[in-house]
Amino acid sequence: MQSARNINGQASAPIPNVLIEVEYLSRVISTRSRNVQILDDLTFVIPVQSLFAINGPSGSGKSTLLNMLTGIDRPSSGRVLFAGQELRAMQEDALARWRGRHVGIVFQFFQLIPTLTALENVLLALELGGGGGRKRREWHQRATFCLELAHVKELAHRLPSELSGGEQQRVAIARAIANDPPVIVADEPTGNLDSRTAHQVFETLASLTQHGKTVIYVTHDRDLAACSTERIDLRDGRIASAHPDSKLLVEGDASCTL
Ligand SMILES: Nc1ncnc2c1ncn2[C@@H]1O[C@H](COP(=O)(O)OP(=O)(O)OP(=O)(O)O)[C@@H](O)[C@H]1O
Ligand SMILES: [Mg+2]
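The paragraphs below set out a description of the structure included in this document.

## Focus on the sheet that holds strand 3 (residues 18–30)
Turning to step 1, where the next piece is worked out: Spatially, 4-3-6-7 is the arrangement adopted by the four strands of the open sheet, whose pairing is antiparallel. Because the sheet does not close on itself, it has two edges, and the strands there are strand 4 (35–47) and strand 7 (85–86).
Turning to step 2, where the next piece is worked out: Pairing geometry for strand 3 and strand 6 (residues 77–82), over five bridges, is antiparallel. When the sheet's bridge partners are listed, valine 22 is paired in strand 6 with valine 80.
Turning to step 3, where the next piece is worked out: Docked against the sheet, helix 1 (residues 62–69) engages strand 3, strand 4 and strand 6, running at close to 125° with respect to strand 3.

## Notes on the pairing of strand 5 (residues 51–55)
Turning to step 1, where the next piece is worked out: Of all five residues in strand 5, five are buried; the element is thus mostly enclosed.
Turning to step 2, where the next piece is worked out: The two faces of strand 5 match: Leu51, Ala53 and Asn55 on one face and Phe52 and Ile54 on the other face are all buried.
Turning to step 3, where the next piece is worked out: As judged from the five bridges shared by strand 5 and strand 10 (residues 214–219), these two strands associate in the parallel manner. Within strand 10, the position partnered with leucine 51 by the bridge is valine 215.

## Quick look at the site of ligand 1
Turning to step 1, where the next piece is worked out: In the neighbourhood of ligand 1, 13 residues make up the surrounding shell, with Ser58, Gly59, Lys62, Ser63 and Thr64 lying closest.
Turning to step 2, where the next piece is worked out: Elements that contribute at least two residues to the shell around ligand 1 include exactly strand 4 and helix 1.
Turning to step 3, where the next piece is worked out: Per-element tally for the shell around ligand 1: the top contributor is helix 1, with three residues.
Turning to step 4, where the next piece is worked out: Residues belonging to the shell around ligand 1 are distributed by class as follows: three nonpolar, nine polar and one charged.

## Thoughts on helix 1
Turning to step 1, where the next piece is worked out: Of all the positions in helix 1, only Lys62, Leu65, Leu66, Met68 and Leu69 are classed as buried. Taken around the axis of helix 1, the buried residues stretch over an arc of 155°, which confines them to a single face.
Turning to step 2, where the next piece is worked out: Just beyond helix 1, the residue with positive phi is glycine 71, at close to 75°.

## So, the packing of helix 3 (residues 118–129) against helix 5 (residues 165–177)
Turning to step 1, where the next piece is worked out: Contact geometry of helix 3 with helix 5 gives a least axis separation of 8 Å together with a crossing angle of 25°. The angle between the axes of helix 3 and helix 5 places the two elements in the roughly parallel class. Note that helix 3 runs across helix 5; the crossing there is right-handed. Touching Ala118, Asn121, Val122 and Ala125 of helix 3 are Val171, Ala174 and Arg175, all from helix 5.

## Some points on the sheet that holds strand 11 (residues 230–235)
Turning to step 1, where the next piece is worked out: With mixed pairing, the six strands of this open sheet are ordered in space as 8-9-10-5-11-12. The sheet terminates laterally at strand 8 (103–106) and strand 12 (238–243), the two strands that pair on one side only. Taking each pair of neighbouring strands and ignoring which way they run, the sheet shows an average axis angle of 15°.
Turning to step 2, where the next piece is worked out: The sheet contact formed by strand 8 and strand 9 (residues 183–187) spans four bridges and is parallel. Paired with isoleucine 105 across the bridge in strand 9 is valine 185.

## Side note on the nonpolar core
Turning to step 1, where the next piece is worked out: Core analysis: the biggest nonpolar cluster contains 65 residues, and Val122 and Ala174 have the highest contact counts within it.
Turning to step 2, where the next piece is worked out: If sequence neighbours within four positions are ignored, alanine 174 has contacts with Val122, Cys146, Leu147, Leu149, Ala150 and Val152.

Definitions and cut-offs
- Residues numbered from 1 in each chain as written.
- Chains lettered and ligands numbered in written order.
- Predicted model: local features only at pLDDT ≥ 70, side-chain atom pairs only at ≥ 80, totals over all residues.
- Pairing = 2+ DSSP bridges.
- Helix = DSSP H or I, 4+ residues; strand = E, 2+ residues; numbered from the N terminus.
- Contact = placed C-beta atoms within 7 Å.
- Axes fitted to C-alpha atoms, helices over the stretch in contact; angles between N-to-C directions.
- Buried ≥ 20, exposed ≤ 12 C-beta atoms within 10 Å, placed from the backbone.
- Near = placed C-beta within 6 Å.
- Nonpolar A, V, L, I, M, F, W, Y, C, P; charged D, E, K, R; others polar.
- Arc of directions from axis to C-beta.
- Parallel < 35°, antiparallel > 145°, perpendicular 65-115°, else oblique.
- Left-handed = near helix turned anticlockwise from the far one by under 90°.
- Core = buried A, V, L, I, M, F, W, Y, C linked by C-beta atoms within 7 Å.

Here you go:
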């Protein structure tokens, strides 16, 4: 693991079993009339291979926080360390390259390319991400494997318009893991699905932790939040509660009925 220089120029050693450290993170946005504090002094860690939920009502800062964790947005103060490396210290182009290698993103509205089949959508991700270190001749096999993990291998040659919402989101999950990033982030990944399909797609997302992935998901659904291994609840940009021991995804768990 790489260590980095912190704000004071001191090297920071990664904490064992912790992938992401968030320290005193704040985000203030200046509008014409005033400064708006969107995130206020957040400190927490995301363990390696966790199923980590960011929960909270609309407007509480969930998406803003997710954008900080992936380096899409930068903190006003505080910092995010990824395996000991401070994201804020990276230049924009280095950060974009880093994101391509380390983060797979699943969107609420799937965002598949409509003119490409399921398989081609995953192959495109490999093309854009450099194949995650794999040789080009292995990409087809890799894409098929990712579709299989997401339970849509048999739909490989269909266009998005020929797939249900749940199937499209599974293809999007396959696309997110194509380049084998250690982290998958998902902002309301089931927000556009009926509750039965939502739970099935969520199970697929959650199962990625068994393949070594850390899965971070935003949800305002209390049932889905209860399935996390770790969770923070945001209210008005602050951590209202944190649940390091929240329920594991186990069959028969009353508070995690998928
Ligand atoms: N560029 C901006 N300028 C001003 N306010 C903003 C900006 N971006 C976000 N906000 C405000 O910050 C707060 C948090 O926004 P955010 O999108 O993170 O919420 P959220 O928890 O993801 O909500 P939702 O569940 O509706 O997606 C909201 O009150 C929002 O209006
Ligand atoms: Mg949001």
